Amino acid sequence: MTALTLSTSAAPGLRADAIVIGVAKGAKGPVVAPGAEAVDKAYDGKLAGVLETLGASGAEGEVTKLPSPAGLKAPLVVAVGLGAEPEKDSAFDPEALRKAAGVAARALAGVKKAAFVLPLGDAADLGAVAEGLLLGAYSFTAYKESASKNDAKAKNGKAPLAEAALLGGKPRDAAHKAALARATAVAEELNRARDLVNMPPNDLNPEAFASIVQAAGKEHGLKVQVLDVKALEKGGYGGILGVGAGSTSGPRLVKLSYTSSKAKKHLALVGKGITYDSGGISLKPAGHNETMKCDMSGAAAVFAAVVSAARLGLEVNVTGWLALAENMPSGSATRPGDVLRMYSGKTVEVLNTDAEGRLVLADALWAASAEKPDAIVDVATLTGAMMLALGSRTFGIMANDDAFRTAVHEAAEEVGEPAWPMPLPEHLRKGMDSPTADIANMGERMGGGLVAGLFLREFVGEGITWAHLDIAGPAFNDGGPFGYTPKGGTGSAVRTLVRLAELTASGDLG
Ligand code: BES
Ligand code: MN
Ligand code: ZN
């Protein structure tokens, strides 16, 4: 990852390959953002005009590169758009800073060292810039080997920006240091979640995923318990076993526990970890399965959030439950029509083997419920219907408690993750009535995302506050990169989960 430092140096004298400045959209054209005064001075105070001549407007996502004048040691200035200029006396939105830093970091791929002089109002702004920069600089190159080893550029494309100095950051200020440490820990773990999502499914099967969690547990002093097929059979985890039955790579349930001696609350996080979703016997058609390695994004997010909580030393207990299975068709696969006996004791008639996420989650939710946590939040790439409803950048939030759903939504907004509350309409429950079993794994097609949420609700222990995040849209970016979001795995929900853990620790959540 890009190495970040806080620097009190002035921009003109700094030895770097590039200087990043902010440019906002003012009423009468582009405006140089605070922080870059010395850079502007090197252009004789005419930088805004120069930018306008080059066609810059200050719009979000815009990058303008210009050569440095004599007064700057760095040869290149990169002006990155911050969007609308804030009203007088108010600061830039942290999300605008995060996006701008991410866009700049991506534009600087292949560069060794850059200085960032973006407007830093307070430590939170510094954290936003650091986070956006580290997330925007991400690239996944582990499988690019065709070119010769000594031609690094051909092998890996351009290497990510190696080093960045944040000017205006105060290396001896406790709040600044804490903001940088938080951003670094969360971005590192989030980028690791992206790596897991991007890993091809022939390498990341449930067993491999479990081993990676075990190694991370050792590194960060977390307790990791892995239930393999034998243990799942002994425990009666019919949902996870039923989904994994068709694969030669058996399923796993991984429990990852972070405990703090100062904890007053316990947050449980449950992640859908389908390492590949072919649909099973209800096979997906071509065109619908190419990116289904992303179906473990929920488990990756939970993993990253628990490790982040540990690295930040949050005063809360956080338990992660990763429900890992590969959904494949074969002679041993679950058939449409089969009835599974779930861990909770309920029976489920499987009408469609492609509605597998809810089956593995049901067992994990019931297992999480047995510990009576203060709240459970599950995260899953659960339904195509949620993508149709909210698009590819926004996740849906459902819950059995309106106040909790609102709190989760506010946490998501605070960290810059687009999310929206969704209902659990009672009338949709009867669509899942089964003539044979307690419930079917499918109901009405209309409102499919909400039907899935209603199914999950049946497996949450009595009286436990629960929320469900359907990240099917934002988990994987099929299009080009934007802001601090790369192509491929995005790390969706990680930052919301970390924020929820922080809020639980401080007693500000339920
Ligand atoms: N993993 C898919 C949902 C999905 C679709 C995630 C597209 C990301 C992108 C899930 O297991 C699934 O197949 N859901 C079905 C449910 C249906 C059979 C009731 C769906 O949404 O079509
Ligand atoms: Mn499926
Ligand atoms: Zn799935």
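Since this is a predicted model, take the numbers as computed values, not measurements.

## Here we look at the overall build of the protein
Secondary structure summary: the protein contains 15 helices and 20 strands in total. Its C-alpha atoms give the protein a radius of gyration of 24 Å, within 12% of the compact-globule value 24 Å for 510 residues. Its C-alpha atoms put the protein at 80 × 50 × 45 Å along the principal axes. Taking all 510 residues of the protein together, the buried fraction comes to 56%.

## Comments concerning unusual backbone geometry
Backbone geometry places D44, a non-glycine residue, at a positive phi of 60°. Within the secondary structure, D44 sits in the loop between helix 1 (37-42) and helix 2 (47-53). For D44, a relative accessible area of 62% translates into the label exposed. With a phi close to 80°, A493 is a non-glycine residue in the positive phi region. Tracing the sequence through the fold places A493 in the loop between strand 20 (488-489) and helix 15 (494-505). With a relative accessible area of 0%, A493 lands in the buried category.

## Comments concerning the UniProt feature "domain: Cytosol aminopeptidase" (unreviewed entry) in the protein
Mapped onto this numbering, the UniProt entry gives "domain: Cytosol aminopeptidase" (unreviewed entry) at residues 352-359. Structurally, residues 352-359 is divided into 38% helix and 0% strand, and its ends, taken at the C-alpha atoms, are 11 Å apart.

Rules used throughout
Residues numbered from 1 in each chain as written. Chains lettered and ligands numbered in written order. Predicted model: local features only at pLDDT ≥ 70, side-chain atom pairs only at ≥ 80, totals over all residues. Heavy atoms only, no water. Helix = DSSP H or I, 4+ residues; strand = E, 2+ residues; numbered from the N terminus. Rg over C-alpha atoms; globule rule 2.2 N^0.38 Å. Buried < 20%, exposed > 50% of the residue type's maximum accessible area, 1.4 Å probe, protein only. UniProt positions renumbered as here; feature names shortened; annotations may be inferred.

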